[in-house]
Amino acid sequence: MSLKAGIIGLPNVGKSTLFNAITKQNILAANYPFATIEPNQGIVTVPDSRLDFLTEISTPEKTIPTTFEFIDIAGLVKGASIGEGLGNQFLANIREVDAICEVVRCFDDPNVIHVEGEVDPIRDIEIINVELMLSDLELITNRLNRIGKKGVMSKDKLILQEIEILTKIKVGLEQNIPVRNLSFSIDESEIIKHFNLLTIKPIIYIANVNEDDLLGKNDYVSKIHKYVEEENSSVISLCVKIESELNELPDDEKIDFLKELGLTDSGLNRLINVTYDLLGLATYFTIGKPEVRAWTFKKGMKAPACAGIIHTDFERGFIRAEIIGYQDLKELGSEKLVKEAGKMRLEGKEYVMKDGDICHFRFNV
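All values reported here derive from a predicted model rather than from experimental measurement.

Details of the overall build of the protein
Looking only at helices and strands, one finds 14 helices and twelve strands in the protein. Sorting the 365 residues of the protein into buried and exposed places 50% on the buried side. Of all intrachain contacts in the protein linking residues separated by at least 6 positions in sequence, the fraction that spans at least 24 positions is 69%.

Comments concerning the sheet that holds strand 5 (residues 99-105)
Strand order in the open sheet formed by six strands is 2-4-1-5-6-7, with mixed pairing between adjacent strands. Edge positions in the open sheet fall to strand 2 (40-45) and strand 7 (233-238), since each of these has one partner strand only. For this sheet the average axis-to-axis angle between neighbouring strands, irrespective of direction, equals 25°. Where strand 1 (residues 4-8) meets strand 4 (residues 67-72), four bridges bridge the pair, whose relative direction is parallel. Its bridge partner lying in strand 4, Ala5 is registered against Phe70.

Some details on the packing of helix 5 (residues 157-174) against helix 6 (residues 186-193)
Two numbers describe how helix 5 lies on helix 6: the axes approach to 10 Å, and their chain directions differ by 85°. Classified by the angle their axes make, helix 5 and helix 6 are roughly perpendicular. Contact with helix 5, carried on its side by Gln161, Glu162, Ile165, Lys168 and Ile169, involves Glu188, Ile191 and Ile192 of helix 6 and no other residues of that element. In the contact of helix 5 with helix 6, the residues fall into four nonpolar, one polar and three charged.

Focus: the nonpolar core
Counting 61 residues, the largest nonpolar core has Phe68, Phe70, Ile206 and Ile224 as its most contacted members. Among the elements that line this core, the one with the most residues is helix 10 (residues 267-279), at seven residues.

Some details on the packing of helix 8 (residues 240-247) against helix 9 (residues 251-261)
For the pair helix 8 and helix 9, the least separation of the axes is 10 Å and the interaxial angle reads 150°. Overall, the two elements helix 8 and helix 9 adopt an arrangement that is roughly antiparallel. With respect to the hand of their crossing, helix 8 and helix 9 are arranged in right-handed fashion. Where helix 8 approaches helix 9, its residues Ile242, Glu245 and Leu246 are matched on the opposing element by Lys254, Phe257, Leu258 and Leu261.

As for the environment of Asn196
If you trace the backbone, Asn196 turns up in the loop between helix 6 and strand 6 (203-208). When the C-alpha positions of Asn196 and Ile94 are compared, they lie 9.6 Å apart, and in sequence the two are 102 residues distant. The contacts of Asn196, once residues within four sequence positions are left out, are Arg95, Glu96 and Lys201. A distance of 2.5 Å separates the side chain of Asn196 from the backbone oxygen of Arg95, its partner in a polar contact.

Some remarks on the pattern of salt bridges
Under the definition given, this model contains 17 salt bridges. Of the charged contacts in the structure, one is a salt bridge between Glu162 and Arg143, with a shortest N-O distance of 2.6 Å. One end of the pair, Glu162, is in helix 5; the other, Arg143, is in helix 4 (residues 121-154), with 19 residues separating them in the sequence. Judged by relative accessible area, which is 10%, Glu162 ranks as buried. The network of salt bridges with common partners includes Asp48, Arg50 and Asp355.

Digging into the pairing of strand 5
Most of strand 5 is tucked away: seven of the seven residues are buried. The alternating pattern of strand 5 places Ala99, Cys101, Val103 and Arg105 on one face and Ile100, Glu102 and Val104 on the opposite face, and all of these are buried. The pairing of strand 1 with strand 5 spans four bridges and is classified as parallel. Within the sheet, the bridge partner assigned to Ile8 lies in strand 5 and is Glu102. Looking at chain direction, strand 5 and strand 6 are connected through six bridges and run parallel. In the sheet register, Cys101 faces strand 6, and the bridge partner there is Ile204.

Let's talk about the side chain of Thr283
By secondary structure assignment, the location of Thr283 is in strand 8 (residues 281-286). Residue Thr283 is classed as buried on the basis of its relative accessible area of 4%. Setting aside chain neighbours within four positions, we find Thr283 in contact with Asp48, Arg50, Tyr276, Ala294, Trp295, Phe297, Lys354, Asp355, Gly356 and Asp357.

Digging into helix 1 (residues 15-23)
Counting buried residues along helix 1, eight of its nine residues qualify, which places the element largely inside the surrounding structure. Taken as a whole, helix 1 has its buried residues at Lys15, Ser16, Leu18, Phe19, Asn20, Ala21, Ile22 and Thr23.

Rules used throughout
- Residues numbered from 1 in each chain as written.
- Predicted model: local features only at pLDDT ≥ 70, side-chain atom pairs only at ≥ 80, totals over all residues.
- Heavy atoms only, no water.
- Helix = DSSP H or I, 4+ residues; strand = E, 2+ residues; numbered from the N terminus.
- Buried < 20%, exposed > 50% of the residue type's maximum accessible area, 1.4 Å probe, protein only.
- Contact = heavy atoms within 4.5 Å.
- Pairing = 2+ DSSP bridges.
- Axes fitted to C-alpha atoms, helices over the stretch in contact; angles between N-to-C directions.
- Parallel < 35°, antiparallel > 145°, perpendicular 65-115°, else oblique.
- Nonpolar A, V, L, I, M, F, W, Y, C, P; charged D, E, K, R; others polar.
- Core = buried A, V, L, I, M, F, W, Y, C linked by side-chain atoms within 4.5 Å.
- Left-handed = near helix turned anticlockwise from the far one by under 90°.
- Polar contact = N/O pair within 3.5 Å; in protein donor to acceptor, adjacent residues only side chain to side chain.
- Salt bridge = Lys/Arg side-chain N within 4 Å of Asp/Glu carboxyl O.

Written out as structure tokens, the structure is:
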């Protein structure tokens, strides 16, 4: 399952530096607007300590973690929805991602230019949110103009239903309500899915703080937390400078460096975990001598659909799934002991997969 998170923000808030750090790539990071023009893409592995245990007991030829794709998208400025800066290109790139990670500057530094002249995280957030809503509003309005008369004249139920839903979205956007904060039925969600609206995407605000404020109180960050109380959004604080320094260290030294700072995990790991939670994602595993592998799925998916993530034939010819819970394996120590304890389960087509399931799919095509 290919998943993408777009890193966005105003120019010079630390987007590209963060991207460099978390993807270990050398993308241009400069102290002037529009250092990023084409979106940069980087694949990161999803940290999961369960893989270490599964590798230890299986001794496979290789271990394959699941991955996540981050995309560094050009900095946005006021007026992007009408083409200012790199607006149209910026907005088109955002439509291709599953989640939005918005970097917000929460530190003062006279040596780093701020495109708006001074640091104000709420103003920065609202600049971007307004541009995203204006872009969605234009798309919805154009669609309503195209199908409005047709719906009235034809009395087509599907067109009339679409008009009703789009009108609801239009009214919400005109009241500064992003689409993700509106409620829809399952049928309505299916209708609007193909519009790929910007403000329906889940959003994570990344507060970029200085090193001294990482463990302490930061008034800018407090304002962001208060701002998003009514949104279905998350906020994490990290120091892009520290993430960049971590990138230069070997893995064993990273742990010591984090301990010295009083941290238990890197900003990347926290960002991935929050993104997973926001997107409703989970992980199942397959184990064997050739490989131990982690697979990402959406919570609520049934066994055949999860099998199809590995190969479409697995879903098409699904017979059953042999399931071992990770905790059972951890406690008992081997697949053999789990089976002897009667804790391996045979599940059919209606089984809803759980995070940590260790699976062997039976299929026939």
